[in-house]
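Reading the structure
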Amino acid sequence: MSATHHLRCIGCGAVIPGAEARSDFRCLDCNELYEVVYAWSENAPESARKQTAGLPNPQALRYVWAERKNSNAAADASGVWRFRDLLPILKDTKKPVTLQEGNTPLYELPRCAKVANVDRLLAKHQGMNPTGSFKDTGMTSAMSVAVDRGFEWVACASTGNTSASMAAYAARAGLRSVVFIPDGKIAWGKLSQSMDYGALTIQLKTDFDGCVNLLTELVKRFPIYLLNSVNPYRLEGQKTPAFEMLEQMDWQVPDQVVVPGGNLANSSALGKGFLELKHLGVINKVPKVSVIQAEGANPLYRWYVDENRVMAPMKAETRATAIRIGNPASWRKAASVVERTDGWCEQVSEQEIALAKAEIGAEGVGCEPASAVTFAGLKKLVRLGKVRSDELTVLLLTGHTLKDPQYTIDYHRGELLRPEETAQASAQEMAQHAALRKAPLVLEPRADVVLRLMEDLMKTEMPV
Ligand code: F0G
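One structure accompanies this document, and this report is about it. (Residues numbered from 1 in each chain as written. Predicted model: local features only at pLDDT ≥ 70, side-chain atom pairs only at ≥ 80, totals over all residues. Heavy atoms only, no water.)

1. Observations regarding the site of the ligand
The cut-off we apply is this: We call a residue near a molecule or strand whenever a single non-hydrogen atom of that residue lies within 4 Å of it. The term polar contact refers here to a pair of N or O atoms within 3.5 Å; inside protein, the definition further demands a hydrogen-donor-capable atom paired with an acceptor-capable atom, and it admits residues adjacent in sequence only when both atoms are side-chain atoms. Here, Shrake-Rupley sampling with a 1.4 Å probe gives the accessible areas, and only protein chains in the shown set may cover a residue. Helix and strand definitions follow DSSP, with helices as H or I runs of at least four residues and strands as E runs of at least two, each counted in order from the N terminus. Classification used: nonpolar for Ala, Val, Leu, Ile, Met, Phe, Trp, Tyr, Cys and Pro, charged for Asp, Glu, Lys and Arg, polar for all others including Gly.
The environment of the ligand is made up of 20 residues, and the closest members are Ser158, Thr159, Asn263, Leu264 and Thr398. In this structure, Lys135 approaches the ligand through a side-chain N or O atom, which is 3.0 Å from a nitrogen atom. Within the backbone of Asn263, a nitrogen or oxygen atom sits 2.7 Å from an oxygen atom of the ligand. Burial of the ligand by the protein chains amounts to 99% of its free accessible area of 470 Å². Within the residue set of the shell around the ligand, elements represented by two or more residues are helix H5 (161-173) and helix H10 (265-280). Here the residues of the shell around the ligand sort into 8 nonpolar, 10 polar and 2 charged.

Right, here's the structure in full:
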């Protein structure tokens, strides 16, 4: 067996060579999604199990990966391809389409830890990727496969970040790209990116789920490489932040990892990363992976609390537009990660998201609204006793704060939430909102006016 990987259907278990996938990446037999499997995977196909050449050496991986940090070669400078031993999906993994993605910071959030009542809280900030979101880690992998397969066109439906990322990587690869976005429902920063990077940008008068339906139809009629996260190669890149996080923690496995949930590929990918490392014996336990959704876009949460475990697609509504998704493609994969890692699903309100975002901002870190659901969710999980104070937790922040500045400005001006949403806040939350809001002031250009203001402020407490 010469192939380095196969695609395995998560529904019926059918295995096919990567190049034989249908254009919509759905199984020919049961219409479910595929996952990428290798000879060393837990789910390796029978024929691949006999393969002995080209297997990763689990004992050496940590050292090989650390060593590559000292190299300036393109594949080593990428925080995805540095881990290429566990994603051999290209003809030549040393020649990927890359923007030096990954290599994102892991921040301490001491004030947020205090608010959430945990001893220590970390944030892996995937918004610090080249196009400002975690999508870049999956785009480098899937775009490189598009080049390998010889496509001229690539396409995605998006709530804004996938399209920004795809447009950039298509430009790097010299491919034509077309993005489908819901008209009026994506943040300006993201819309501007796809235009800046030269994509054909099409706003459809529908929501994200409607954009997905149209594109699924289109790829069957025209040779376009689909770069939505139904494409299993996206998840191969998106699993690497799990490796990088562990490396940054000197291989201490966190107890809990909290991820926002939209189309549910990111949680699936991170879980795959952790579970693969455990299967290979690189780590001896996996963190509990919990998925948090906005109350108005919560199909996985509903599945989780439903005693019959039924997934019911819904009409989604939330100001966290990145996760305004009612029919998540990868829900089965994410559900399996939550179950296998013993994690949780939670939902959070618009008021809770706004407060959490302001709290992360006040740490000097910042993120876009969809990322803030993680912190809002963590506070809930701690209150419910599902996360203990002494458990080490990592939040996955998925997008940069500059992606959606309008949300931030509206919040600080007190124009974001409707009165009935604000009314849901507890007295303590009300006080936190009041302390965090920093609306810009318009003053006369006189030093004494500004000084008086600053003196008044000094009578209030410094943030701790
Ligand atoms: N956070 C951000 C900032 C996102 O852009 C997304 C998804 C998610 C979280 C949820 O990740 O879908 O893997 O569960 N954005 C997609 C897009 C759908 O089109 O940009 P998920």
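2. Digging into the pairing of strand S8 (residues 200-204)
What counts, and what does not: Pairs of strands are assigned from DSSP output, requiring at least two bridges between the strands. Note on handedness: a clockwise path from strand one over the helix to strand two, with the strands aimed away from the viewer, defines a right-handed crossover.
Pairing between strand S7 (residues 176-182) and S8: 5 bridges, direction parallel. Within S8, the position partnered with Pro182 by the bridge is Leu204. Once you follow S7 into helix H6 (residues 188-196) and on to S8, the crossover reads as right-handed.

3. Quick look at the packing of helix H13 (residues 350-361) against helix H14 (residues 369-383)
In plain terms, the rule: Note on geometry: axes are lines fitted to C-alpha atoms, helical ones only across the stretch in contact, with angles between N-to-C directions running from 0 to 180 degrees. An angle below 35 degrees is read as roughly parallel, one above 145 as roughly antiparallel, one from 65 to 115 as roughly perpendicular, and any other as oblique. Residue contacts are defined here by distance: any two heavy atoms, one from each residue, within 4.5 Å place the two residues in contact.
Across the interface, H13 lies against H14 with an axial gap of 7 Å and an inter-helix angle of 105°. Judged by the inter-axis angle, H13 sits roughly perpendicular to H14. Note on element contacts: H14 touches H13 through Pro369, Ala372, Val373, Phe375, Ala376, Lys379, Lys380 and Arg383, opposite Glu352, Ile353, Leu355, Ala356, Lys357, Glu359 and Ile360. Partitioned by chemical class, the residues of the contact of H13 with H14 number 9 nonpolar, no polar and 6 charged.

4. What to know about the nonpolar core
Our working definition: The nonpolar core is taken to be a set of buried Ala, Val, Leu, Ile, Met, Phe, Trp, Tyr and Cys residues, with the residues joined through side-chain atoms within 4.5 Å. When a residue's accessible area, from a 1.4 Å probe over protein chains only, is under 20% of the maximum for its type it is buried; when over 50% it is exposed; and in between it is partly exposed.
Core analysis: the largest hydrophobic core is formed by 77 residues, its most contacted members being Met143, Val154, Phe274 and Leu277. Dropping the residues within four chain positions of it, Val154 is found in contact with Met143, Ala146, Met166, Ala170, Leu175, Arg176, Ser177, Val178, Ile224, Tyr225 and Leu227. If you look at the next biggest cluster of nonpolar residues, it comprises 38 residues, including Ala123, Ala354, Val365 and Leu417.

5. What to know about the sheet that holds strand S11 (residues 288-294)
Here 6 strands make up an open sheet; going across it, the order is S4-S5-S13-S10-S11-S12 and the pairing mixed. Two strands bound the open sheet, and with one partner strand each, they are strand S4 (106-108) and strand S12 (345-348). Here the strands of the sheet are splayed against their neighbours by 25° on average, with no regard to which way each runs. Inspection of the sheet shows strand S10 (residues 256-260) paired to S11 by 5 bridges, in the parallel sense. Residue pairing across strands places Pro260 opposite Ile292, the latter belonging to S11.

What is shown is where atoms sit, not what they do.
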